[in-house]
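For reference, the chains in residue letters:
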Amino acid sequence: MDRDGTMTIDWQEWRDHFLLHSLENVEDVVYFWKHSTVLDIGECLTVPDEFSEQEKLTGMWWKQLVAGAVAGAVSRTGTAPLDRLKVFMQVHASKTNKLNILGGLKSMIQEGGMRSLWRGNGINVLKIAPESAIKFMAYEQIKRAIRGQQETLHVQERFVAGSLAGATAQTIIYPMEVLKTRLTLRRTGQYKGLLDCAWQILEREGPRAFYRGYLPNVLGIIPYAGIDLAVYETLKNRWLQQYSHDSADPGIPVLLACGTVSSTCGQIASYPLALVRTRMQAQASIEGAPQLSMLGLLRHILSQEGVWGLYRGIAPNFMKVIPAVSISYVVYENMKQALGVTSSFEGRPALHGSWFPPPSAKPAMVG
């Protein structure tokens with residue numbers, strides 16, 4: 001409907017849409033493609049979700065954030081063994097040891113038993129709530145600063161605001177990311193718990209250790225979020241053009257497929273930076289490992305292992321996508337019902353002087 005990209009609908013756009021579009025109710029399009037699913041694949045690099053003024057006034061926004069956080073916690077716990085295997089292979093796999101999926105699982109179970117497959121999951125779940133809250137608040141503040149005297153923001157400006165909000169959240173909670181990596185890779189008896197791990201890092205390596213790998217982590221936000229949104233928009237618009245003549249409801253399989261494919265593409269683009277980040281976080285705890293910068297580590301990996309070395313551990317990362325998406329969707333829908341979340345379109349919102357949620361809004365990727 002918004003043909004000039006201003007995120008505001010004028011009379012001509014409104015009239016032309018209902019004269020020329022076959023769907024009777026455009027709100028259905030918005031409802032199904034916005035807040036319709038929450039996909040948690042264990043990454044936190046997406047642009048924050050949008051909430052309409054009506055959702056903010058009725059309090060539905062915080063209920064949706066809570067539902068998403070619970071869905072992310074259950075999803076991450078269910079796929080924790082694959083996540084730990086990914087981190088294990090990112091750090092320890094090489095051309096010489098030829099560590100594969102089965103070998104990695106066998107090695108972890110032999111060292112610490114079945115329970116060791118969930119190492120690092122506690123803090124991985126714990127950081128969902130503060131990161132989601134910080135990202136949402138930062139996003140709202142940055143949007144106000146960018147908007148200034150304008151009534152609305154363009155899509156590009158919203159993407160910039162979202163990326164800055166993600167960077168802000170990552171900056172604040174990044175020490176938890178380092179702790180998560182160290183706890184995930186720990187040997188049996190190495191740390192007594194979260195606080196002991198933090199104290200040992202502080203005592204042996206100093207406070208700067210809590211920000212090892214910060215630069216590649218922040219740089220990874222742009223390719224991940226940008227490609228994620230671009231692919232999702234392309235798939236969504238293709239479906240609307242070809243199949244929305246009879247119904248605006250794409251169905252759960254289409255929504256999950258679009259979100260899964262777009263997130264996977266974003267992961268492929270940003271994965272080398274994620275691997276470098278993980279190795280920088282872990283290298284001080286590995287005996288004999290060289291202490292390299294981001295560029296030094298990239299050169300080292302390329303010279304020793306080639307381009308494929310930048311994608312160590314991507315197989316278990318892909319393996320966890322479908323179960324993670326499925327679990328988070330089911331839990332999210334049940335949590336919405338339990339919290340009494342209703343559609344934001346039960347009453348028709350006023351379009352003049354307020355933002356109408358665009359059907360281009362991508363579902364939130366919690367975590």
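If you're wondering where the values come from, they're calculated on a predicted model, not measured in any experiment. (Residues numbered from 1 in each chain as written. Predicted model: local features only at pLDDT ≥ 70, side-chain atom pairs only at ≥ 80, totals over all residues. Heavy atoms only, no water.)

Some remarks on the environment of I128
And then number 1: The topology assignment puts I128 in helix α8 (residues 128-147).
And then number 2: The class of I128 is buried, set by a relative accessible area of 4%. (Helix = DSSP H or I, 4+ residues; strand = E, 2+ residues; numbered from the N terminus. Buried < 20%, exposed > 50% of the residue type's maximum accessible area, 1.4 Å probe, protein only.)

Regarding the packing of helix α13 (residues 252-282) against helix α14 (residues 294-305)
Packed helix pairs are specified by the crossing angle of their axes together with the interaxial distance, meaning the distance between the axes.
And then number 1: Here α13 crosses α14 at 110 degrees, and the two axes come no closer than 10 Å. Classified by the angle their axes make, α13 and α14 are roughly perpendicular. Contacts between α13 and α14 involve L275, V276, R279 and M280 from the first element and M294, L297, L298, I301 and E305 from the second.
And then number 2: Across the contact of α13 with α14, the residue classes tally to 7 nonpolar, no polar and 2 charged. (Axes fitted to C-alpha atoms, helices over the stretch in contact; angles between N-to-C directions. Parallel < 35°, antiparallel > 145°, perpendicular 65-115°, else oblique. Contact = heavy atoms within 4.5 Å. Nonpolar A, V, L, I, M, F, W, Y, C, P; charged D, E, K, R; others polar.)

Some points on the side chain of Q90
And then number 1: Along the polypeptide, Q90 turns up in helix α5 (residues 80-92).
And then number 2: Excluding anything up to four places from it in sequence, Q90 contacts Y271, A274, L275, T278, R279 and R312.

Quick word on the packing of aromatic side chains
And then number 1: This structure, assessed with the given rule, holds 5 aromatic pairs.
And then number 2: Ring geometry for Y211 against Y214: centres 5.8 Å apart, planes inclined by 70 degrees, an arrangement best described as edge-to-face.
And then number 3: Given the relative accessible area of 25%, Y214 is considered partly exposed.
And then number 4: Judged by centre distance (5.9 Å) and plane angle (10 degrees), the rings of Y271 and Y311 are stacked. Here Y271 is found in helix α13, whereas its partner Y311 is found in the loop between α14 and α15 (314-319), with 40 residues between them in sequence.
And then number 5: You can call Y271 buried: its relative accessible area is 3%. (Phe/Tyr/Trp six-rings, centres within 6.5 Å; stacked < 30°, edge-to-face > 60°.)

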